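Residue-level listing of the chains:
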Amino acid sequence: GRPEPGLAEHINHISPCDLLLVEGFKYEHIPKIEVYRAEVGEPLLHPNDGNIVAIASDQRLETRLPQFDLDDAGKIADFMLKHVGLG
């Protein structure tokens, strides 16, 4: 019956690390990669969220943000590491 803990509370329970990836928390003010699948039918978030730094999708989108194929984990990982200064 308790409310779900917020991101800050989760982070307090994590051991120190160089990079922490989280799923969800789309309303937090943190750098994000939007995952977009056209078949889901939801609107894109990046036009209204300046914290989205790239998009992983099953189709090409009209945007100036970097885009990656959903299945290209290597390129997505490289981007993330470069974005945070670790690559």
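See the structure printed just above.
Here's a quick rundown of the structure. Given the structure is predicted, the values throughout are model-derived calculations rather than measurements. (Residues numbered from 1 in each chain as written. Predicted model: local features only at pLDDT ≥ 70, side-chain atom pairs only at ≥ 80, totals over all residues. Heavy atoms only, no water.)

**Observations concerning the overall build of the chain**
Right, on to step 1. Assigned secondary structure in the chain consists of two helices and three strands.
Right, on to step 2. Written out in order from the N terminus, the α and β elements of the chain read α-β-β-β-α.
Right, on to step 3. Structurally, the chain occupies a C-alpha span of about 40 × 35 × 25 Å along its principal axes.
Right, on to step 4. Going through the 87 residues of the chain one by one, you find that 20% of them count as buried.
Right, on to step 5. Put simply, 16% of the contacts in the chain that link residues at least 6 apart link residues at least 24 apart.
Right, on to step 6. Summed over its atoms, the accessible surface of the chain is roughly 6,900 Å², and 51% of this surface lies on carbon and sulfur atoms.
Right, on to step 7. Computed over 8 positive and 15 negative side-chain charges, the separation of the two mean positions in the chain equals 4 Å. (Helix = DSSP H or I, 4+ residues; strand = E, 2+ residues; numbered from the N terminus. Buried < 20%, exposed > 50% of the residue type's maximum accessible area, 1.4 Å probe, protein only. Contact = heavy atoms within 4.5 Å. Areas by Shrake-Rupley, 256 points an atom, 1.4 Å probe, with all protein chains shown as cover. Lys, Arg positive; Asp, Glu negative; His and termini not counted. Charge placed at Lys NZ, Arg CZ, Asp CG, Glu CD.)

**Regarding the sheet that holds strand S3 (residues 67-69)**
Right, on to step 1. Pairing is parallel across the open sheet formed by three strands, whose spatial order is S1-S2-S3. The sheet is open, and its two edges are formed by strand S1 (32-36) and S3, each paired on a single side. Here the strands of the sheet are splayed against their neighbours by 25° on average, with no regard to which way each runs.
Right, on to step 2. Of the pairings in the sheet, the one linking S1 to strand S2 (residues 52-57) comprises five bridges and is parallel in character. Bridge assignment links Ile 33 to a residue of S2, and that residue is Ala 54. (Pairing = 2+ DSSP bridges. Axes fitted to C-alpha atoms, helices over the stretch in contact; angles between N-to-C directions.)

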